[in-house]
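Coordinate analysis (summary)
Listed here are the chains, written in short residue letters.
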Amino acid sequence: MSLTFHWFLPTNGDSRHVVGGGHGTPVTAAGGDRPPSVGYLTQIARAAEDLGFVGALTPTGAWCEDAWLTTAMVSQHTERLKFLVAFRPGFVSPTLAAQMASTYQRQTGGRLLLNVVTGGESHEQRAYGDFLDKEARYRRTGEFLEIVRGLWDGKTVDVAGDHLQVADASLARLPDPVPEVYFGGSSPLAGEVAARHSDVYLTWGEPPAQVAEKIAWIRGLAAKEGRKVRFGIRLHVITRDTSEQAWAEARRLLDGFDPETVKSVQQGLGRSESEGQRRMLALHGGGRDGLEIHPNLWAGIGLVRGGAGTALVGSHAEVAERIAEYHRIGIDEFVLSGYPHLEEAYWFGEGVLPRLRQQGLWTHPAGPATAAQPAAQVPFAASGSR
């Protein structure tokens, strides 16, 4: 089985520095260095497509552009790349969401993947008119996915749940293919929803031992539901020709973190209701020391950014080995990003993916003949023009 790699569309802005934000914290000033225009995001998307990424994740929330609208526009300038659209249940009706997904599939040739995000911050949810508490939001997510999956199966759906109700709901045109559902969360209720409804369970980049525990947890819950779930991980990457070059880049990013910004972001994230965010914060403790929490796994990004806060840092060979390590414990999909996203896509795509291909772990989705050669053999990679 070939590993699946997705990239990231920075709809909150991009930079040669880390763009903070997410989980109720504002985008940092670096987000204005490269505004998230359709033109720039299309550059990233087309690079990811050529390099061999299957899809691209787009975030959701008040801190970024709307994922549905942005990816719909970018999709018209790409051919194969899928879009892992982050979506929060409760903001639109499940019937309308199912119809939107169906339309998206027809207009893009089946290139939608759905990342269902329950929402871990009540104050941000309330800004959108959603006043349910966290537990109720997870219950509503389960009802939402029950309705949406029923509609995608061509059923006429009647549901009278605690939070959502539909009567005689159906779709005139079904999505083809049915979008796969990606879902993450570290709380007990998140596990229940993932086991019942997700195709791929996503975790943020914790050390392999902790990830293995999560996989065993979700796998056991899914088995009780008579289901099997695939597993993915969300990470940043800093990969270079040598380990020294990669860690020098990590230090450069860290040196650019303003202490007051770090303090403010950490205070904001400390109020998060997300169990996953709590686990991210525990990896670095708000300090700048001891940030390599596992060989080649660096927790520095989480000092200024909510959500995914760890990066794989090292030579192309080292990063490939860490990916293989995660794969050995059950991870088959990798959702990656790096600053800036255009250049880092090339560093990873030209440096790491060919090594994984040589190990038999990856094939280019467009076919073997399209796969890039190792970075040292690629003129662009050798030129240093990234």
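Some words on the overall build of the protein chain
The helix and strand inventory of the protein chain stands at 14 helices and 13 strands. The C-alpha radius of gyration of the protein chain comes to 20 Å, within 12% of the 21 Å expected for a compact globule of 386 residues. Counting all 386 residues of the protein chain, 60% fall into the buried class. In the protein chain, of all internal contacts separated by at least 6 residues, the share reaching a separation of at least 24 is 73%. Summed over all atoms, the accessible surface of the protein chain reaches about 15,300 Å², with 50% contributed by carbon and sulfur. If you average the places of the 38 positive and of the 43 negative side-chain charges in the protein chain, the two averages end up 2 Å apart.

Section: the pairing of strand β5 (residues 157–160)
Only one face of β5 is covered, namely the one carrying Val157 and Val159; the face carrying Asp158 and Ala160 has none of its residues buried. With antiparallel pairing between neighbouring strands as the criterion, β5 and strand β6 (residues 165–169) make up a hairpin whose turn holds 4 residues.

Observations regarding helix α2 (residues 67–75)
Taken residue by residue, α2 has Ala67, Trp68, Thr70, Thr71, Val74 and Ser75 as its buried positions. The elements touched by buried residues of α2 are α1 (38–51), β2 (55–58), β3 (82–87), α3 (94–108) and β4 (112–116). One side-chain oxygen at the N-terminal end of α2 lies 3.2 Å from the backbone nitrogen of tryptophan 68; it belongs to aspartate 66.

Things to note about empty space enclosed by the protein
In this approach the atoms are scanned with a rolling probe the size of a water molecule, which exposes any empty space left behind. Enumeration according to the criterion identifies 2 cavities of 30 Å³ or more in this entry. Looking at the largest cavity, its volume works out to about 750 Å³. Around the largest cavity sit 39 residues that line it, and His23, Asn115, Val117, Trp204 and Gly307 are the ones nearest its centre. When residues of the lining of the largest cavity are traced back to their parent elements, those giving at least two are β2, β4, α5 (134–152), β7 (181–184), β8 (200–204) and α10 (275–284).

Looking at the packing of α2 against α3
Running from amino to carboxyl end, α2 crosses α3 at an angle of 15°, the nearest separation of the two axes being 11 Å. Considering their axes alone, α2 and α3 lie roughly parallel with respect to each other. Remark: the crossing between α2 and α3 carries left-handed chirality. For the pair α2 and α3, the contacting residues are Trp68, Thr71, Ala72 and Ser75 in the first and Met100, Ala101, Tyr104 and Thr108 in the second. Of the residues that constitute the contact of α2 with α3, the class distribution is 5 nonpolar, 3 polar and no charged.

Looking at the pattern of salt bridges
Scanning all chains against the criterion turns up 18 salt bridges. Residue arginine 88 is joined to glutamate 124 by a salt bridge in which the shortest nitrogen-to-oxygen separation is 3.4 Å. Taken together, the residues span a long stretch of sequence, with arginine 88 in the loop between β3 and α3 and glutamate 124 in helix α4 (residues 122–127) at a distance of 36 residues. Across this residue pair, the class does not change: arginine 88 and glutamate 124 are buried. The shortest N-O distance in the salt bridge between arginine 278 and glutamate 275 comes to 2.4 Å. With a gap of 3 residues between them, arginine 278 and glutamate 275 both fall in helix α10, about one helical turn apart. Here the salt bridges do not stand alone but share partners, grouping Arg16, Arg34 and Glu343 into one network.

Conventions and cut-offs
- Residues numbered from 1 in each chain as written.
- Predicted model: local features only at pLDDT ≥ 70, side-chain atom pairs only at ≥ 80, totals over all residues.
- Heavy atoms only, no water.
- Helix = DSSP H or I, 4+ residues; strand = E, 2+ residues; numbered from the N terminus.
- Rg over C-alpha atoms; globule rule 2.2 N^0.38 Å.
- Buried < 20%, exposed > 50% of the residue type's maximum accessible area, 1.4 Å probe, protein only.
- Contact = heavy atoms within 4.5 Å.
- Areas by Shrake-Rupley, 256 points an atom, 1.4 Å probe, with all protein chains shown as cover.
- Lys, Arg positive; Asp, Glu negative; His and termini not counted.
- Charge placed at Lys NZ, Arg CZ, Asp CG, Glu CD.
- Pairing = 2+ DSSP bridges.
- Polar contact = N/O pair within 3.5 Å; in protein donor to acceptor, adjacent residues only side chain to side chain.
- 1 Å grid on protein atoms, 1.4 Å probe; cavity = no way out; pocket = protein on both sides within 12 Å on 5 of 7 lines; lining within 4 Å.
- Points joined across faces, edges and corners; volume = space filled by probe spheres on them.
- Axes fitted to C-alpha atoms, helices over the stretch in contact; angles between N-to-C directions.
- Parallel < 35°, antiparallel > 145°, perpendicular 65-115°, else oblique.
- Left-handed = near helix turned anticlockwise from the far one by under 90°.
- Nonpolar A, V, L, I, M, F, W, Y, C, P; charged D, E, K, R; others polar.
- Salt bridge = Lys/Arg side-chain N within 4 Å of Asp/Glu carboxyl O.

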